[in-house]
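# Chain and residue survey
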Amino acid sequence: MLILAAPLTPAFGQAGGIDMEALDRLAEDHKQVPLTEDIINRFVASYPEMKAVGAKFPQTEATEDKASEDGDDELASMPPEKRKAMEEVATKHGFKDLDEWMTVASTVAMSYAQLREGKSRQDLQTMIDRAVTQAENNPKVTQEQRKRAIAQYREIGDKLAKLQPLPANIELVEKMIGKLAPVMKIQ
């Protein structure tokens, strides 16, 4: 669940509560696509060029103060000339646009990280089941509080499940790990 922990921070309020709308926005921001060998091959082929183009525009990464309110921080804060140059690389490699390339990159990264972490949807379900069991067995709460807590845990589980990579994507990434490993190394 480490891969999920960092982006979840805004969904957990200062008072320890969970902002369900923030979880919904987070799931929308972290959309993913079903991967194919062709998509992964085009992504891998485009990556060195995309990285080189990005390097031509130093100090243009999104920062906290540049992030847009709707969560589309990196693309929304990108200078037009950088976006145009990166868009050209994306379309050259068969992507509809830079947005599609970024969604593929995010999908590949999520799947790769999940594979490397060795976590699964079952791990999430186990955590939710444990929380539900604790709520069911908590003698310090009323029946109404118990029902609300259980419903909230299940809703959280459903929302977090949307943030996990598709099992077929993880399988394909595992199959193509040799091609992806050089691209996925943090440099």
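### Section: the overall build of the chain
- Each helix and strand counted, the chain has 10 helices and 0 strands in total.
- Element order for the chain, N to C, with α for helix and β for strand: α-α-α-α-α-α-α-α-α-α.
- For the chain, buried positions account for 36% of its 187 residues.
- The contacts in the chain between residues at least 6 apart in sequence include a share of 73% that link residues at least 24 apart.
- As presented, the chain carries roughly 11500 Å² of accessible surface, and 53% of it is formed by carbon and sulfur atoms.

### What about the confidence of the model for the chain?
- Predicted confidence across the chain gives a mean pLDDT of 80, with 79% of residues reaching 70 or more.
- With pLDDT under 50 throughout, residues 1-16 is counted as low confidence; its partners more than four residues away or in other chains account for 25 contacts.
- In this model, residues 62-71 is a region of pLDDT below 50 whose contacts with residues beyond four sequence positions or in other chains number 10 contacts.

### Let's talk about the packing of aromatic side chains
- Per the stated rule, a full pass over the model turns up 2 aromatic pairs.
- Judged by centre distance (6.1 Å) and plane angle (55°), the rings of Phe-43 and Tyr-47 are tilted. Here Phe-43 pairs with Tyr-47, and both are found in helix H3 (residues 37-55), just 4 residues apart, close to one helical turn.
- Of the residues examined, Phe-43 reaches a relative accessible area of 3% and is grouped as buried.
- Pairing Phe-43 with Trp-101 gives two aromatic rings, centres 5.4 Å apart and planes at 40°, and the pair type is tilted. Of this pair, Phe-43 sits in helix H3 while Trp-101 is found in helix H6 (residues 98-117), placing the two residues 58 residues apart along the sequence.
- Each member of the aromatic cluster is reached from another via a ring pair, and the members are Phe-43, Tyr-47 and Trp-101.

### Quick look at the side chain of Thr-103
- The topology assignment puts Thr-103 in helix H6.
- When its relative accessible area of 15% is taken as the criterion, Thr-103 is described as buried.
- If near-sequence neighbours (up to four positions away) are discounted, Thr-103 is found in contact with Lys-31, Gln-32 and Val-33.

### Focus: the pattern of salt bridges
- One pass over the full model with this rule turns up 8 salt bridges.
- A single salt-bridge network, built from bridges that share partners, covers Arg-83, Glu-87 and Asp-99.

### Describing the nonpolar core
- Core analysis: the largest hydrophobic core is formed by 27 residues, its most contacted members being Leu-35, Ile-40, Phe-43, Trp-101, Val-108 and Leu-180.
- Every element with two or more residues in this core is listed here: H3, helix H5 (80-92), H6, helix H9 (167-175) and helix H10 (177-184).
- Beyond its immediate stretch of four places on either side in the chain, Trp-101 contacts Phe-43, Ser-46, Tyr-47, Met-50, Ala-90 and Phe-95.
- Counting residues in each nonpolar core, the second largest holds 12 residues, with Met-20, Ile-128, Val-132 and Leu-163 among its members.

The rules we used
- Residues numbered from 1 in each chain as written.
- Predicted model: local features only at pLDDT ≥ 70, side-chain atom pairs only at ≥ 80, totals over all residues.
- Heavy atoms only, no water.
- Helix = DSSP H or I, 4+ residues; strand = E, 2+ residues; numbered from the N terminus.
- Buried < 20%, exposed > 50% of the residue type's maximum accessible area, 1.4 Å probe, protein only.
- Contact = heavy atoms within 4.5 Å.
- Areas by Shrake-Rupley, 256 points an atom, 1.4 Å probe, with all protein chains shown as cover.
- pLDDT = per-residue confidence, 0-100.
- Phe/Tyr/Trp six-rings, centres within 6.5 Å; stacked < 30°, edge-to-face > 60°.
- Salt bridge = Lys/Arg side-chain N within 4 Å of Asp/Glu carboxyl O.
- Core = buried A, V, L, I, M, F, W, Y, C linked by side-chain atoms within 4.5 Å.

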